[in-house]
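Fold and contact review
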Amino acid sequence: MALQWLSLVATMWLQSINGTNSNFPAYSSELKRILSISQLQLNNLASASDAGKLLGWISGIAAAHFPLWLVLLVGSILGLVGYGIQFLFLANRVSSLSYWHIFLLTVLAGNGICWINTVCYIIAIRNFPLDRQIAVSLSTSYVGLSAKLYTNIVDVVAPTSAADRAKVFLLLNSVLPLIVCTVAAPLARDDVDGGKSRKLTRGFSTMFVITIVSGLFAVMTSLGSVGSRFLPRYVVLAGMIAVLFLPLVVPLVERIRERLQQKCLIRVHDEGFATIENGEKSSDVERDNVVEIGVVEEIGAKVMVRRVEFWLYFFVYLFGATLGLVYLNNLGQIAESRGCSGTSSLVSLSSAFSFFGRLLPSLLDYFFPKNNRVCSRAGAMGATMAPMCGAFFLLLNMHDVSLYASTAVIGICTGAITSISVSTTIELFGTKNFGVNHNVLVSNIPIGSFLFGDFAALLYNRGRNVSGEGNCIGEKCYQTTFIIWGCLCVLGTLLAFILHARTKKLMHSHNRL
């Protein structure tokens, strides 16, 4: 069982460094200046990382035929090449690259993110079959700390120079995932299942406490007044590294307990233990039936894309999580247009709240498992999208408080939708073909990034032309964009509840059969 918990800790570490695309806003303005590109071209660069998800299904196929450690290393190498060459370009170590070279390299790096994500999902789902929603949510929540971790490292290494910060960000994007993937590769196994021998309640409770403490630390140190006034930068970085190692407490304690008790995880020949095991297994299975109630059927991608439920789900995600990601990708330019200088602080804040958003579904699943009988995953996504609608309209107010509040709400809702979507894919289409099915779903992210992002960039350029300045400054830059995004989010919320109604109907039909 210690190895089972250790595999979950490994996925947490992998997710914490796999959000390399989330720190793009922190250096996007400098990249725009260096490359002398327009706002539209900059938006396309922000979307390029998402475009890599169009081929994310390849990682699902690879995970079905090759060892997970190999899939993991392939993903990190794609990131090394994609971001590494960009770093060498900014450091004047390679000859001049064109805009389209940078674009394709970013697509390559974005595809690498899919490979690492796929491995993390599969490990959590297969190693915790009776609690897979909780394990997946715990794991994916740590990607919300990614931008925070990278920003803290850059704050220590290059605290002032914008040019140096851009280089360090790209260097970290290329090297750090490779290092962590290499360390975690031996733990990338999907055949570790101790969930049938003992309840995992105590371990999950500890994990929740550790994860919440980590998130609170990230949020508090993301607030400029707290982080810079009371704690030096290197102390904040040391604290972030420390909280990432805290989850090791669970497998270490489990290992010590196993040694002290001097018994194996499953003792088949011990009749007394088998009786206890059967009782606990029965309890776990009963809980699993509550969590997994409503899984309609196991289908592949070809059948899935012919279902009405898939397309409803596709557009719900498009007008929810994808729209939130587009906002976060444009956060640097949005802050600049409003005269807000705290872009890095905003990025860290959105990352930290995204962390709690991704964690929230697992907390609800764990403490209120019967809720799944009342509300489907699609219904939960709709309820989560409702606050996002208000946040987009709140951005019409030009005060910095509105910007920070809206960014926090969009961050937490986007994180929650992303986490819930993993369980939704399982609920609607099963676990057998999850690696391919879910990557087909998230292919809407690059589509939305280009559509929503490019339209926002066109409106931004129109506002800049009216003012006659190099950069667009004022409410005219994104006012229309926020109204359109808010209306689309309202539409997505309505579609989510339609999907909820259809899902509940399918559940009843399936249960009768």
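Now for a description of the structure that goes with this document. Given the structure is predicted, the values throughout are model-derived calculations rather than measurements. Within every chain, residues take consecutive numbers counted from 1 along the sequence as written. Totals for whole chains, interfaces and linings use all residues, but because this is a predicted model, local features are given only for residues with pLDDT of at least 70 and pairs of side-chain atoms are given and counted only at 80 or more. Here the side-chain values reflect all heavy atoms present in the structure, with hydrogen atoms and water set aside.

Attention shifts here to a nonpolar patch on the surface. Every patch collects residues that have over 30% relative accessible area and no salt bridge, joining them within 9 Å if they carry like charges and within 5 Å if they are nonpolar side chains (Val, Leu, Ile, Met, Phe, Trp, Tyr). Residue-level accessible areas treat just the shown protein chains as cover; the underlying method is Shrake-Rupley with a 1.4 Å probe. Salt bridges are defined as contacts in which a side-chain nitrogen from Lys or Arg sits within 4 Å of a carboxyl oxygen from Asp or Glu. Together, Ile 77, Leu 80, Val 81, Ile 85, Leu 171, Val 175, Ile 179 and Val 183 make up a nonpolar patch on the protein surface, roughly 580 Å² of accessible area in all. Among the elements of the structure, helix H5 (68–90) and helix H9 (162–184) are those that each provide at least two residues to the nonpolar patch. Note on conventions: DSSP H or I runs of at least 4 residues are helices, E runs of at least 2 residues are strands, and numbering of each starts at the N terminus. Considering the arrangement of structural elements, one finds Leu 80 in helix H5.

Stacked, tilted and edge-to-face are the three classes assigned to paired rings of Phe, Tyr and Trp, where Trp is represented by its six-membered ring and a pair needs centres within 6.5 Å; plane angles under 30 degrees give stacked, over 60 edge-to-face, the rest tilted. Applying the stated rule across the entire model yields 23 aromatic pairs. The interplanar angle of 85° and the centroid separation of 6.2 Å between the aromatic rings of Tyr 327 and Phe 392 together place this pair among those described as edge-to-face. Remark: Phe 392 occurs in helix H20 (residues 377–394) and Tyr 327 occurs in helix H16 (residues 308–329); sequence separation between them is 65 residues. Any residue under 20% of the maximum accessible area for its type is buried, any over 50% is exposed, and the rest in between are partly exposed; the area is computed with a 1.4 Å probe on protein chains only. For Phe 392, a relative accessible area of 0% translates into the label buried. One aromatic cluster is present, built from ring pairs that chain together Phe 310, Trp 311, Tyr 313, Phe 314, Phe 315, Phe 319, Phe 429 and Phe 452.

Once that is clear, we can look at the nonpolar core. By nonpolar core is meant a set of buried Ala, Val, Leu, Ile, Met, Phe, Trp, Tyr and Cys residues that side-chain atoms within 4.5 Å join together. In this structure, Trp 5, Leu 8, Leu 45, Leu 138 and Phe 204 are the most contacted members of the largest nonpolar core, which totals 89 residues. Sort the elements by how many residues they give to this core and helix H6 (residues 99–127) lands first, with 14 residues. The contact criterion used is simple: two residues touch if any of their non-hydrogen atoms lie within 4.5 Å. Leave out the neighbours within four places in its chain, and Leu 8 touches Phe 128, Ala 135, Leu 138, Ser 139, Phe 204 and Met 207. In terms of nonpolar packing, the next biggest core, distinct from the first, is built from 54 residues, Phe 319, Ala 378, Ile 445 and Leu 488 among them.

Function cannot be read off these values alone, since they describe shape.
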